[in-house]
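# Descriptive structure summary
Take a look at the letters that make up each chain.
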There are 2 protein chains.
Amino acid sequence: MIYLDNSATTNPKPKSVVSRANNAMVNYSYNSGRGGYNASVSTAGKIFECREKLSDMFGFNPQNIVFTSNCTMALNMAIKGSVKRGDHVIISSLEHNAVYRPISALALDGIITYDVAPFDYDSEKLIKNFESLINEKTTLIVCMHASNVFGCVFPIDEISKMCKKYGLRFIVDAAQSAGVLEIDSKKDGIDVLCAPGHKGLYGPMGTGFMAVGDGVSMSTIIEGGTGSASMNMLQPDFLPDRFESGTLNNSGIIGLGAGVDFVKSKGISSIYDHEFSLSNMLYDNLSKMNNVQLYTPPPVKGHTAPILSFNYDDYSSEKTAQLLADKGVALRAGLHCAPLAHRHFNTQNRGTVRISPSVFTTYRECEIFINYLKKL
Amino acid sequence: MIYLDNSATTNPKPKSVVSRANNAMVNYSYNSGRGGYNASVSTAGKIFECREKLSDMFGFNPQNIVFTSNCTMALNMAIKGSVKRGDHVIISSLEHNAVYRPISALALDGIITYDVAPFDYDSEKLIKNFESLINEKTTLIVCMHASNVFGCVFPIDEISKMCKKYGLRFIVDAAQSAGVLEIDSKKDGIDVLCAPGHKGLYGPMGTGFMAVGDGVSMSTIIEGGTGSASMNMLQPDFLPDRFESGTLNNSGIIGLGAGVDFVKSKGISSIYDHEFSLSNMLYDNLSKMNNVQLYTPPPVKGHTAPILSFNYDDYSSEKTAQLLADKGVALRAGLHCAPLAHRHFNTQNRGTVRISPSVFTTYRECEIFINYLKKL
């Protein structure tokens, strides 16, 4: 199989991830931070190590790394924990349903109002698109770092600067960028970063995190036992306990730690360079095929995530993907849970076929895929 | 180490659980139900198998098994999805913070009011305690099946009958009973069952589920991409998609499937018999020690979960547990995230030392523990 669906989850997982997760299930299946016995204490140490690894990569304090089951959970916690009745929120026109549906639910419940800022490749225009929607009720901007359908990258440092200017909170959805593009909470001015563990960080499925800037206060949407302040009917106010109720996914988290180590050992920029060169090659080849429609301009280094969307002839995206699946190429077709993005690029009727390589994808695999497509 | 903290998470995990989770991370790290390629389709099949295994064990429809990251997440989803502004809710006096804190948060936000029904060993009195708190606003009873501190079992079938009589929804927290006591959605009349995967079902940490009765409608607290009805800004109204947003924990879920197989192969009643006989032996020995305080009457088969709480001399529970930890006995001390239960048994100042055996705990290990305690 030629796997080109790494935007869904990276595959394969590095051997170190599989073995460390496996080892954790055998040696660290204890409730961390609850028991005083050695096994519980050493498990808590292992979990904290993973917070430190993520802290080191993204520039948040280790105790502010909140583990979640996926990026969607992190986004729900961050968004719903940040708004109060009457607030106005701005999102981008490429947001995934992991942002769009929680925002829609809040709006439908009459809690917030929101507007959608159209994406633009020109970052000055893009910033203006956001800026023009700010009103006196606006408190929050939620924006993806990179589109899961079209690979467009948002200038999060510039959006952040604008947020600071207007005193707005800035939540970043790094579903497609964590481990692929450099992210630095301080440099990029991110208040809350939400990311999956199982995509660009090569961790096990079932992992994700919400990284919270110092001094960023949020209400909770999930409460429960934290092993701390247990006589109190309220959630503790300190992190990570405030947002981590119930038993953690120890083997997943420890496996994610191995994924972060893997990414660090390769280097984010060299992973990106590899994936970008494949995107470029794919773009070059696809753009020369008369019966292929591509929806974005050519990839630009640093401004494009390694994700391409296309359609073939007048086929439905599902038909194209199925014909390629029959040849052993794994691609995802359809809407990719991003209706807003398809409206923006006017692909809502057909959806698209999405190509997303990983660090493990080879040039040869991309060539084979292109050859299959030529003979479709 | 003699591990007697199985109420926190069972340890060890069966070899089949570790190996099937490990295998899943290698062979089923694909996004189920999103892609049309073989690997995605076969992964979806594996995940559905796990729904069927749980369906078979608890009597819910397979598509109504919603996977969550732990029991706390399931309880938050069930409780908050079931109430509307103005509702009155009744919980028991032994509830864990996984119920008490979400209920408190809803009450503090002015959404619900609630009352606490005192536990009673006499089930007639217990039912009356619940019944006397019902008012015209009451819509929901949330109750644990077994206390995570004292092992007391609630007669969920009788509470359910009363709920039906008054038209109330009944949510059961099976954190300590799933895989230990027989549970049948139909016989026991459960509307929503919430359970961990990593305790009595011997699955990996990071797993749990919410099982929903047919026709039980609930709002969502988490929204996001479901790979279904993607143009819709609203969550789909069908299960499990409505409550499963974002990427699932494939290796955890598939490992949980192995755990359910393990429990089925042993038989829930024979697992219970084994654990009950150990509880009985522990109770007998502890009750004969002058410097040990036990807080519950002797275990009664079918009416007591294999969980005991004690204190030693005038030691703090933490000191007792630490002295035993020094000898290699893993026990948890303190409040066990259950302040209500400690108020009920008047142990809120010291907490308790908790003993919870699993199917892997041996008679000999319990003897050694008792001997250590005698010489403390």
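Use the structure listed above.
Summarised in this report is the structure supplied together with it. Residue indices follow the written sequence of each chain, beginning from 1 at its first position. Here the convention is simple: chains get letters from A, ligands get numbers from 1, in the order in which they are written. The predicted origin of the model limits local features to residues at a pLDDT of at least 70 and limits the giving and counting of side-chain atom pairs to 80 or more, whereas totals for whole chains, interfaces and linings rest on all residues. Each side-chain value is derived from all of the structure's non-hydrogen atoms; neither hydrogens nor water enter the calculation.

## Considerations on the overall build of chain A
The number of helices and strands found in chain A is 12 helices and 13 strands. All radius of gyration figures rest on C-alpha atoms, and the globule criterion is 2.2 Å times the number of residues raised to 0.38. At 21 Å, chain A has a C-alpha radius of gyration in line with the 21 Å of a compact globule built from 376 residues. With the C-alpha coordinates aligned to their principal axes, the bounding extent of chain A is approximately 70 × 55 × 35 Å. Going through the 376 residues of chain A one by one, you find that 66% of them count as buried. Per the convention used, a helix needs a DSSP run of H or I reaching at least four residues, while a strand needs a run of E reaching at least two, with both numbered from the N terminus. Only protein chains enter the accessibility calculation, which uses a 1.4 Å probe. A residue is then buried if its area is under 20% of the maximum for its type, exposed if over 50%, and partly exposed in between.

## Observations regarding the packing of helix α2 (residues 38–58) of chain A against helix α8 (residues 250–266) of chain A
Residues and elements named next belong to chain A. Only the stretch in contact is used when a helix axis is fitted, and all axes are lines through C-alpha atoms; the angle between N-to-C directions ranges over 0 to 180 degrees. The geometry of α2 relative to α8 is characterised by a closest axis approach of 9 Å and an angle of 35° between their N-to-C directions. Relative to α8, the crossing made by α2 is left-handed. Within the contact between the two elements, α2 uses Thr43, Lys46, Ile47, Cys50, Lys53, Leu54, Asp56 and Met57 and α8 uses Asn250, Ile253, Ile254, Leu256, Gly257, Val260, Asp261, Val263 and Lys264. Its residues assigned to classes, the contact of α2 with α8 comprises 9 nonpolar, 3 polar and 5 charged. Handedness of a helix crossing follows the sense of rotation of the near helix relative to the far helix, less than a right angle counterclockwise being left-handed and clockwise being right-handed. By the convention used here, residues are in contact when the closest approach between their heavy atoms is within 4.5 Å. Residues are grouped as follows: Ala, Val, Leu, Ile, Met, Phe, Trp, Tyr, Cys and Pro are nonpolar; Asp, Glu, Lys and Arg are charged; all remaining types, including Gly, are polar.

## Looking at the relation of the copies chain B and chain A
In this comparison the copies share one frame, found by least squares on the C-alpha atoms of residues holding pLDDT of at least 70 in both. It takes a turn of 180° to lay chain B on chain A, together with a shift of 0.0 Å along the axis; the resulting RMSD is 0.0 Å. Such a combination of rotation and displacement between the chain copies is what one expects of a two-fold axis. With an isologous cut-off of 70% or more, the 100% of interface residues of chain B that recur at the interface of chain A puts this contact in the isologous class.

## Some remarks on the side chain of Arg242 of chain B
Residue and element names in this part refer to chain B. Structurally, the position occupied by Arg242 is in the loop between β8 (208–212) and α8 (250–266). Although Arg242 is buried, it makes no salt bridge; Asp237 carries the closest opposite charge, 6.5 Å away. In this view, Arg242 contacts Met218, Ser219, Thr220, Ile222, Gln235, Pro236 and Asp237; residues no more than four positions away in its chain are not counted. Positive charges come from Lys and Arg alone, negative charges from Asp and Glu alone, with His and the N- and C-terminal ends not counted. Salt bridges are identified by distance alone: a Lys or Arg side-chain nitrogen within 4 Å of an Asp or Glu carboxyl oxygen.

## A short note on the pairing of strand β6 (residues 169–173) of chain B
Within a regular strand, side chains alternate between the sheet's two faces. Residues and elements named next belong to chain B. In terms of burial, β6 is a largely internal element, 5 of the 5 residues being buried. As paired elements, strand β5 (residues 138–144) and β6 share 5 bridges and run parallel to each other. Across the sheet, the residue bridging to Met144 is Asp173, located in β6. Crossovers are described as right-handed under a simple rule: with the strands pointing away from the observer, the path leading from the first strand over the helix to the second runs clockwise. Handedness of the β5-helix α6 (residues 156–166)-β6 crossover: right-handed. Judged from the 3 bridges that link them, β6 and strand β7 (residues 192–196) form a sheet pairing that is parallel. What sits directly across from Asp173, in β7, is Cys194. By the convention used here, strands pair only if DSSP detects at least 2 bridges between them.

## Brief notes about the sheet that holds strand β9 (residues 292–294) of chain B
Residues and elements named next belong to chain B. Strand order across the open sheet formed by 4 strands is β9-β10-β13-β12, with antiparallel pairing between neighbours. Every interior strand has two partners, whereas the edge strands, β9 and β12 (332–334), have only one. Ignoring which end each strand starts from, the neighbouring axes of this sheet average 35° apart. Note that β12 and strand β13 (residues 352–355) share 3 bridges and pair antiparallel. Opposite Ala333, over in β13, you have Val353 as the bridge partner.

## A short note on the environment of Ser104 of chain B
Mapped onto the fold, Ser104 of chain B is located in helix α4 (residues 97–108). When the C-alpha positions of Ser104 of chain B and Tyr114 of chain B are compared, they lie 8.4 Å apart, and in sequence the two are 10 residues distant. Residue contacts for Ser104 of chain B: discarding those within four places in its chain leaves Met233 of chain A together with Tyr114 of chain B.

## Things to note about α2 of chain A
Residues and elements named next belong to chain A. What a helix is expected to span follows from its residue count: subtract one and scale by 1.5 Å. Its 21 residues place the ends of α2 30 Å apart at the C-alpha level, agreeing with the 30 Å of an ideal helix rising 1.5 Å per residue. Of all the residues in α2, the buried ones are Ala39, Ser40, Thr43, Ile47, Cys50, Arg51, Lys53, Leu54, Ser55, Met57 and Phe58. Of the residues trailing α2, Gly59 is marked for its positive phi of about 80°.

## Focus on the pattern of salt bridges
Applying the stated rule across the entire model yields 26 salt bridges over all chains. Asp56 of chain A is the salt-bridge partner of Lys264 of chain A, the closest N and O atoms lying 3.0 Å from each other. With Lys264 of chain A in helix α8 and Asp56 of chain A in helix α2, this residue pair connects regions lying 208 residues apart in the sequence. Residue Lys264 of chain A is classed as partly exposed on the basis of its relative accessible area, which comes to 33%. Between Asp191 of chain B and Lys164 of chain B there is a salt bridge, with its nearest N and O atoms 3.9 Å apart. One end of the pair, Asp191 of chain B, is in the loop between α7 (185–188) and β7; the other, Lys164 of chain B, is in helix α6, and 27 residues separate them in sequence. With relative accessibility at 16%, the residue Asp191 of chain B sits in the buried group.

## Notes on the interface of chain B and chain A
Taken together, the contacts link 75 residues of chain B with 75 residues of chain A. Reported buried area values correspond to the accessible surface (1.4 Å probe) lost by two parts on association, with both partners' losses combined. A combined buried area of about 6,000 Å² lies between chain B and chain A, and 61% of that area is made up of carbon and sulfur atoms. In this structure, the connection of chain B to chain A is made through 2 salt bridges. Across the salt bridge formed by Lys80 of chain A and Glu223 of chain B, the nearest N and O atoms sit 2.5 Å from each other. What qualifies as a polar contact is a pair of N or O atoms within 3.5 Å, subject to a donor-acceptor requirement within protein and to the restriction that residues adjacent in sequence count only when both atoms come from side chains. Where chain B meets chain A, there are 32 residue pairs in polar contact (both at pLDDT 80 or more).

## What about the nonpolar core?
Most often, soluble globular proteins have nonpolar side chains that are buried together. Ranked by internal contacts, the top residues of the largest apolar core, which has 64 residues, are Ile171, Cys194 and Met210 of chain A together with Ile171, Cys194 and Met210 of chain B. Residue contacts for Cys194 of chain A: discarding those within four places in its chain leaves Cys71, Ala74, Leu75, Ala78, Ile171, Val172, Asp173, Ala174, Ala175, Phe209 and Met210 of chain A. Among buried residues, those of type Ala, Val, Leu, Ile, Met, Phe, Trp, Tyr and Cys that are joined through side-chain atoms within 4.5 Å constitute a nonpolar core.

## A closer look at the side chain of Ser7 of chain A
By the secondary structure assignment, Ser7 of chain A is in the loop between β1 (2–3) and α1 (15–27). Not counting residues up to four positions away in its chain, the partners in contact with Ser7 of chain A are Gln176, Lys199, Ile307, Arg354 and Ser356 of chain A.

## Examining the state of the cysteines
Whenever a pair of cysteine sulfur atoms sits within 2.5 Å, that pair is classed as a disulfide. Counting across every chain of the model gives 0 disulfides over all chains. No disulfide involves Cys71 of chain A; its nearest neighbouring cysteine sulfur is the one of Cys194 of chain A, lying 5.8 Å away. We classify Cys71 of chain A as buried; its relative accessible area is 7%. Unpaired in terms of disulfides, Cys143 of chain B finds its nearest cysteine sulfur in Cys163 of chain B, a separation of 8.9 Å. According to the relative accessible area criterion, Cys143 of chain B is buried, its value standing at 0%.

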